[in-house]
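Chain by chain, the residues:
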Amino acid sequence: MATFVITPPDPASVAVAGSPDRFPVRRIFCVGRNYAAHAREMGNDPDREPPFFFGKPADAVVDSGTIIPYPPLTESLHYEVELVVAIGRGGVNIDATDALGHVWGYGVGIDFTRRDLQDTAKKMGRPWDWAKGFDRSAPCGPLVRAADIGHPSAGRIWLSVNGESRQQGDLAELIWTIPEVIAICSQSMELKAGDLIYTGTPAGVGAVTPGDRIAAGVDGVGEIAIAIANPR
Ligand code: MN
């Protein structure tokens, strides 16, 4: 075994529902615009676009219950509730008909976005990394095993801020289904055990400020709760 010249970082990980064990995170892939109503609210035509992906660092995950300090560089921190797919078995060029066999489980995540930085990046043709991949930008609630709950293809996906409903959708409205997302992602990247895929958000995205409490869930999968605190 290699001897490291500094102490290696702890692996990023997500809680597992009903267990003290944790799911180690290798990479985080995110799908853009995967619900038609959200694509429209962002000014795009959902019928014309193949799925596209962006990434977040693995250590952007934080557990449900985390109090997140309002991040730097933004005045427009947006929530996006998403179904998270946890890959348990890797592969390349995975066929959509086999894709669900690669899934270990599911969770409820939030793709936090510095929307003002993203708007600037879009206008200037710059990368999205600083808008999407900042510290604590990928909260994920406890994962549930596909072996226990099956593979959700329909069910309410929702998010509220301070008890007020903000996002409402249904997994049945996904433009690209979970098997299609896994298949298409694996054409570009070798998926491996530990990868998480955030599968896109329904309409109703918006900004939060310090003091806000966010709750979100997917019926049949679970829930997540996050609070926003003052900047560090
Ligand atoms: Mn998103």
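Residues numbered from 1 in each chain as written. Predicted model: local features only at pLDDT ≥ 70, side-chain atom pairs only at ≥ 80, totals over all residues. Heavy atoms only, no water.

Regarding the overall build of the protein chain
So, point 1. Of the regular secondary structure elements, the protein chain holds 5 helices and 18 strands.
So, point 2. For the protein chain, whose C-alpha radius of gyration is 17 Å, the value lies close to the compact-globule estimate of 17 Å for 232 residues.
So, point 3. The burial tally for the protein chain puts 49% of its 232 residues in the buried class.
So, point 4. Considering only residue pairs separated by 6 or more positions, the protein chain has 76% of its internal contacts joining residues 24 or more positions apart.
So, point 5. With an accessible surface of roughly 11,100 Å², the protein chain has 52% of that area assigned to carbon and sulfur atoms.
So, point 6. Between the mean site of the 21 positive side-chain charges and the mean site of the 28 negative ones, the protein chain shows a separation of 5 Å. (Helix = DSSP H or I, 4+ residues; strand = E, 2+ residues; numbered from the N terminus. Rg over C-alpha atoms; globule rule 2.2 N^0.38 Å. Buried < 20%, exposed > 50% of the residue type's maximum accessible area, 1.4 Å probe, protein only. Contact = heavy atoms within 4.5 Å. Areas by Shrake-Rupley, 256 points an atom, 1.4 Å probe, with all protein chains shown as cover. Lys, Arg positive; Asp, Glu negative; His and termini not counted. Charge placed at Lys NZ, Arg CZ, Asp CG, Glu CD.)

Focus on the sheet that holds strand S17 (residues 213-218)
So, point 1. In spatial order, the strands read S6-S18-S17-S13-S14; together these 5 strands make up an open sheet with mixed pairing. The strands lining the two open edges of the sheet, one partner per strand, are strand S6 (67-69) and strand S14 (164-170). Neighbour to neighbour, the strand axes of the sheet diverge by 20° on average, direction disregarded.
So, point 2. Pairing of strand S13 (residues 156-161) with S14, which is carried by 6 bridges, proceeds in the antiparallel orientation. (Pairing = 2+ DSSP bridges. Axes fitted to C-alpha atoms, helices over the stretch in contact; angles between N-to-C directions.)

With respect to the coordination of the manganese ion
When four donors bind a metal tetrahedrally, each ideal donor-metal-donor angle is 109.5 degrees, and when six bind octahedrally, the ideal angles are 90 or 180 degrees.
So, point 1. Around the manganese ion, the donor atoms from the protein are Glu80 (OE), Glu82 (OE) and Asp111 (OD), and they sit 2.0 to 2.1 Å away.
So, point 2. One chain supplies every donor to the manganese ion, and in sequence these donors are spaced E-x1-E-x28-D.
So, point 3. Among the residues examined, Glu80 registers a relative accessible area of 4% and is labelled buried.
So, point 4. On the accessibility criterion, Glu82 (0% relative accessible area) is buried. (Donors = N, O, S within 2.8 Å, 3.2 Å for Na, K, Ca; no water.)

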